[in-house]
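Structural description and commentary
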Amino acid sequence: MSKKMESSMKGKTLVISGGTKGIGKANVYKFAENGVNVAFTYNSNKEIALEICNDVEEKYGVKCKCYPFNVLEPETYKELFLEIDKDFDRVDFFISNAMIYGRAVVGGYGKFMKLKPRGLNNIYTATVNAFVCGSQQAAKRMEKVGGGAIVSLSSTGNLVYIQNYSGHGTNKAAVEAMVRYAATELGEMKIRVNAVSGGPIDTDALKAFTNYEEVKQKTAEFSPLDRIGQPEDLAQSCYFLCTQEASWITGHTLIVDGGTTFK
Ligand SMILES: NC(=O)c1ccc[n+]([C@@H]2O[C@H](COP(=O)([O-])OP(=O)(O)OC[C@H]3O[C@@H](n4cnc5c(N)ncnc54)[C@H](OP(=O)(O)O)[C@@H]3O)[C@@H](O)[C@H]2O)c1
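Residues numbered from 1 in each chain as written. Predicted model: local features only at pLDDT ≥ 70, side-chain atom pairs only at ≥ 80, totals over all residues.

Some details on the overall build of the chain
A count of helices and strands for the chain gives nine helices and seven strands. Its C-alpha atoms give the chain a radius of gyration of 17 Å, within 12% of the compact-globule value 18 Å for 263 residues. Seen along its three principal axes, the alpha-carbon backbone of the chain occupies a region of about 50 × 40 × 40 Å. For the chain, the residues scored as buried account for 49% of the 263 residues in total. Sequence-distant contacts in the chain: of pairs separated by 6 or more residues, those separated by 24 or more amount to 73%. (Helix = DSSP H or I, 4+ residues; strand = E, 2+ residues; numbered from the N terminus. Rg over C-alpha atoms; globule rule 2.2 N^0.38 Å. Buried ≥ 20, exposed ≤ 12 C-beta atoms within 10 Å, placed from the backbone. Contact = placed C-beta atoms within 7 Å.)

Examining unusual backbone geometry
The phi dihedral of K190 is positive, around 65 degrees, even though this residue is not glycine. If you trace the backbone, K190 turns up in the loop between α6 (166-186) and β6 (191-198). Residue classification places K190 among the partly exposed residues on the basis of 14 C-beta atoms within 10 Å. Residues other than glycine seldom take positive phi values, yet D226 does so here, at roughly 60 degrees. Tracing the chain through its elements places D226 in the loop between α8 (212-222) and α9 (231-242).

Points about the site of the ligand
Of all residues adjacent to the ligand, which total 28 residues, the nearest are G18, G22, G198, T203 and A205. When contributions to the shell around the ligand are tallied by element, the ones reaching two or more residues are α2 (22-33), β5 (148-155) and α7 (204-207). (Near = placed C-beta within 6 Å.)

Observations regarding the sheet that holds β5
Judged by pairing direction, the sheet is parallel, and its seven strands sit side by side in the order β3-β2-β1-β4-β5-β6-β7 without closing on themselves. Of all strands in the sheet, those bounded by a partner on one side alone are β3 (64-68) and β7 (253-256). For this sheet, the mean inter-axis angle between neighbouring strands, taken without regard to orientation, is 20 degrees. Pairing geometry for strand β1 (residues 13-16) and strand β2 (residues 37-42), over four bridges, is parallel. Across the sheet, L14 pairs through a bridge with V38, a residue of β2. Running over the sheet, helix α4 (residues 77-87) touches β1, β2 and β3 and is turned about 155 degrees from β3. Across the sheet, helix α5 (residues 117-144) touches β1, β4 (93-96), β5 and β6, and the angle it forms with β4 is around 175 degrees. (Pairing = 2+ DSSP bridges. Axes fitted to C-alpha atoms, helices over the stretch in contact; angles between N-to-C directions.)

Considerations on the pairing of β6
Across the eight residues of β6, eight count as buried, placing the element largely inside the fold. Burial along β6 is two-sided: I191, V193, A195 and S197 facing one way and R192, N194, V196 and G198 facing the other are all buried. Sheet topology note: the β5/β6 ladder contains eight bridges and is parallel. Paired with G148 across the bridge in β6 is I191. Bridge analysis of β6 against β7 gives four bridges, and the strand direction is parallel. Looking across to β7, one finds that S197 is bridged to I255.

Quick look at the pairing of β3
Across five bridges, the pairing between β2 and β3 is parallel. Pairing of F40 across the sheet is with C66, part of β3. The β-α-β motif built from β2, the intervening helix α3 (residues 46-60) and the parallel element β3 has right-handed crossover chirality. (Right-handed = clockwise from strand over helix to strand, strands pointing away.)

By themselves these figures say nothing about function.
Have a look at this one:
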């Protein structure tokens, strides 16, 4: 890491949803190790969230705080950011990462003939609405500090068939389109907006797939790099898109799939 790059990130603040595990947690650590203060949300894992805060503050000497948040109530981003304002004096980066699973996705995760409006709507809320509401709050604060960067997590399941993934895949396609609209309108505030679209990454969300072992094995088979993706593989791309090195990248989806999508 060059000194110049580190100093341009140091003292800035990242807000990210779903920082307790997987890709969100990897982002918390990636930004913190580069001197960025972090505000992240948790849903069911408060204890783990508090442990992460202590660990990050001790290891990297940055400020790290966690907040409860339910991505199925995206309008509560307003109150969440007001809480964050009490602890942090600026917001520079926002990553829309949290994703629902379990009962909330019943009727949304499954075969086409089993899809139901409620499950599909929940995924839309957690994917598109959450990106919009979180980005609106973040953008107001970024404008005050002269700009910033927003990243939405996406998935290559909007480009290739993944069994049971139509609900998520279609909403990832939708959020990528929303990213382009946001980028077009927020540019005048010097805010860049991009998506990172991951191939299968070995996290709890993937373990919840009914055919997890098969996906894991097929991913390694499809990848010229002969392995499944790790949370850090996506975190470093999210981080890159927030740095000055990505200063002319906006409205873009960066596909980070270990070469799996082509095969
Ligand atoms: N894994 C993959 O293969 C893959 C590939 C491409 C893109 N992605 C995308 O990357 C993002 C992160 O996925 P992941 O695999 O890292 O997931 P994960 O390991 O399952 O983590 C999910 C995170 O979301 C939070 N969360 C769960 N339900 C929530 C709710 N109702 N409200 C607010 N937060 C909630 C969890 O918090 P608690 O632990 O506190 O409940 C946790 O921090 C998602 O947008 C996903 O679609 C994943």
